[in-house]
Amino acid sequence: MERRERAHEGPYPNAGPARPGSDCANMARMAVVLAVLLAVAGAAAASPPSLGDPSTPPFPIWPIPQEARYTDDRLLLTDAVIVVPKGDARTQYPGRLLAELMADQFGVTLPVVVEPPPGRTPIVVGEISSPPVASAAGALTASGAVPEKAEGYLLDVGDRGAVVAGRDYRGALYGVSSFVQLVHRWGKQSVAVRRASVRDWPLLSIRWVHVYLPGREQLAFAERYFRDFLLRYKFNGLVLEVGGGMRLDSHPEISAGWRRTVAEWYAHGETMDKLGEGIPLGTANRFAASLHVGVGGGSYVEKEDVRRLAAAAKRFGLEIVPEVQSLTHAYYIAGPHREVAEDPDMTWPDSYCPSNPESYRILFDVLDEYVDVLEPRRVHIGHDEWRAGAFCPRCRGRDTGELYAADVLKVQRHLAERGIETWMWGDHFVDGHNRFGKQWTEGGVVRYERPDTRTARERLVAAAVPLHILNWSGEEGDATFKPLGWPFIIGNFAGSEEKDWPGRVGRGGTLGGEVSSWGAFEEFLLGKLQVPEAAFSINLLWSSHYPKKEVALEQAGILMPEVRRLLASRPAPSLVADPMRFEVLDIAAAFNHAPKGDGWDLSGLKPGRGYSHGLPYAIADPARGPAVAVVARRPGPEPTRVPIPVTGRWASLLFLQSSTGEGRPSIHAGDQTHFPHESSELLGTYEIRFADELVLVHEIRFDETVGPWNAGVGRTYYLTRPVLTGRLPDGRDAVVWASEWTNPRPDVPIVSVTLVGSPGPSGARPILLGVTAVEKPRVEDYR
Ligand SMILES: [Zn+2]
């Protein structure tokens, strides 16, 4: 695979291919373009623009731009200034954003100016409607015009400066997002940007994620996620499920009640083991709606916190669509207001009664408070998975389709009066999904009972009100909503599961998609539930260039360390270390097994030293004897503990690992468990013992930090670095995973490391192939 052996994939993470000396500042002052030896060692300067097939790697910008030409030259930014138009803060923000990103990601500060001083390298950033941007873009005859489409941009990095010209505000932001992906370090304290000319615009206009309102401790992380994940990869909105997660002035009992309800659920304990669902039973052994314990972090935040989030989202071009769940999943209302619950006998009532006017007095108070704080253009009213239909004396005997439609109309009218669009889940309108009412009883438990909503669709069509749908019913949903004229997007979008893309777009007419996370808004959970899928899916929503699925999956894996470096409150040492600080350790003494065994075969891994996106590693040569360490998980003839010869002081250790088979399938870390860190099977641990006898452990979790030996590029884990090396027996690329343990005590010597097998449900055993250590940084690493 020649694409993996490019010359610039050297051992220098986050660094350019060449290591400039102290003369770089002088060169910068001359504002010369430095041709670097990039594609082929020894190639001459000024190689021709590479047009190439945009759907083959490498992908300098992700998602793949509609039109892009890259050269292997660089524009050095040592003397650069960012030029912004005269105007208000919003007019200038795209340029200021670029300055922020340069400072945060590279430690380099570039002045932001309206008039560039002579002799400096200008980077002009703004909307095309601003005269200086128009004139800078107009001077670029070779690059063509700024795309006409909304959110489009023109990006040109030439030999004397650069231009980022957006068709509109978001376009300018997206040009910045692309620009910063072309930047790399130049020496220790300067940066350069790859020369390129890009014209780009989105395929689909709605590119959202679904998240819960973050808890108090996650507010800073939320802003990083907005800027460094959503904006960086050109998402333009988020459905924010709010429920009782904000302190409400009109109903403080709802916020306090929500916190108490979540505490009660934790006290009640997990139901997954007993019921196969993370939901306590309601009356008559019926399942209720899923709990969403992570909304507001299981508690509530202040209104000012939400205002600040909304302001950040607006700055980053992200539309917030609050999801105020109504009718269903309405624990936050029906719990503290049992008098409006459809089934007040439930321990935790999940729905309000649609025949009780008091339900709407409360709901509309709540809606209005969120509308006041978030100023949304659209509101998502939930309405999926209605389970408690026509239980109460007021509703009993009535047509549940009529009840459902009447509820939608009441809420829609309330929003329309405020000029707000109504968005909702579509499952209760789709024949094959929930529309006809279904019941499934097993083991005395009513697993699903959904009221028949057959007449709801016709009633709402007859009412001729505008509805907008999040369709999570597949192509059957597309075929339902398109003829109704109800605009829709794909809800719970998982691009990696799409069989025919963009064919589906052409047939169904979706406006876009929304990638969901059904867990608390925090790094671990988003990393587990959403970030890898979102990184894959955004290319389907934005681009018209589709790499082969394996190539795109590999790309999503390659992006994870970069994403993690940006999102983590403290990036792992390997993500920021100087290239000189990596050391591949010799652990041959620990090897006790050939690289194949009963039901697994890693003998096609490529032996010897390798580099994977900045990470050096080594694979042992099986011709010389045992090449991996495998540990048993229960006492028997093979050891459950294998000593690994690792000692000394290290900032972190990266364990290159795999697994002999499939572990227990993970429990959904979001809505099926209260303890997401336990959702994946523990295969084993690395036991790290210090000189003072303190022992720490690093966990090996199936489907979290390690996959099965034959997974190939098909499993992307936020917490690991995938390492492609060699082949599987069936010819596919082999992937092993580097799982990093960050040492909280880098000044205390480690005296031993032991691989320990954990007893557990599956037969999958951990395999250790190598260890790469990272030294503590030194002062000279920064100079
Ligand atoms: Zn009722």
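Fair warning: this is a prediction, and the values are worked out from it, not measured in the lab.

Caption draft 1: Looking closely at the pairing of strand S8 (residues 183–186). Here S8 runs beside strand S9 (residues 190–200); their pairing, made up of four bridges, is antiparallel. Looking across to S9, one finds that Trp-186 is bridged to Ser-190. Connecting S8 to the next strand, S9, in antiparallel fashion are three residues, including Gly-187 with a positive phi near 75 degrees.

Caption draft 2: Highlighting the coordination of the zinc ion. In this structure, Glu-342 (OE), Cys-353 (SG), Cys-392 (SG) and Cys-395 (SG) serve as the protein donors to the zinc ion, at separations of 2.2 to 2.3 Å. Each of the four donor atoms bound to the zinc ion contributes to angles spanning 102 to 115 degrees, and the resulting shape is tetrahedral. Along the chain, the residues that donate to the zinc ion are spaced as E-x10-C-x38-C-x2-C. Placement of Glu-342 in the loop between helix H9 (331–334) and helix H10 (357–374) and of Cys-392 in the loop between strand S13 (378–382) and helix H11 (400–416) is noted, with a sequence separation of 50 residues between them. Residue Glu-342 is classed as buried on the basis of its relative accessible area of 1%.

Caption draft 3: Representation of the pairing of strand S16 (residues 445–450) within the structure. Most of S16 is tucked away: five of the six residues are buried. When strand S15 (residues 438–442) meets S16, the two strands line up antiparallel, connected through five bridges. Of the residues in S16, the one forming a bridge with Gln-439 is Glu-449. Between the end of S15 and the start of S16, which pair antiparallel, lie two residues, with Gly-443 showing a positive phi angle near 60 degrees.

Caption draft 4: Quick peek at the environment of Ser-666. Relative to the helices and strands, Ser-666 is located in the loop between strand S27 (652–659) and strand S28 (682–690). Sequence separation between Ser-666 and Arg-447 is 219 residues; the distance between their C-alpha atoms is 21 Å. With near-sequence residues (within four places) excluded, Ser-666 lies in contact with Ser-679, Ser-680, Phe-702 and Asp-703. A polar side-chain atom of Ser-666 sits 2.8 Å from a polar atom in the side chain of Ser-680.

Cut-offs applied
- Residues numbered from 1 in each chain as written.
- Predicted model: local features only at pLDDT ≥ 70, side-chain atom pairs only at ≥ 80, totals over all residues.
- Heavy atoms only, no water.
- Pairing = 2+ DSSP bridges.
- Helix = DSSP H or I, 4+ residues; strand = E, 2+ residues; numbered from the N terminus.
- Donors = N, O, S within 2.8 Å, 3.2 Å for Na, K, Ca; no water.
- Tetrahedral: all angles 85-135°; square planar, octahedral: opposite > 155°, others 65-115°.
- Buried < 20%, exposed > 50% of the residue type's maximum accessible area, 1.4 Å probe, protein only.
- Contact = heavy atoms within 4.5 Å.
- Polar contact = N/O pair within 3.5 Å; in protein donor to acceptor, adjacent residues only side chain to side chain.

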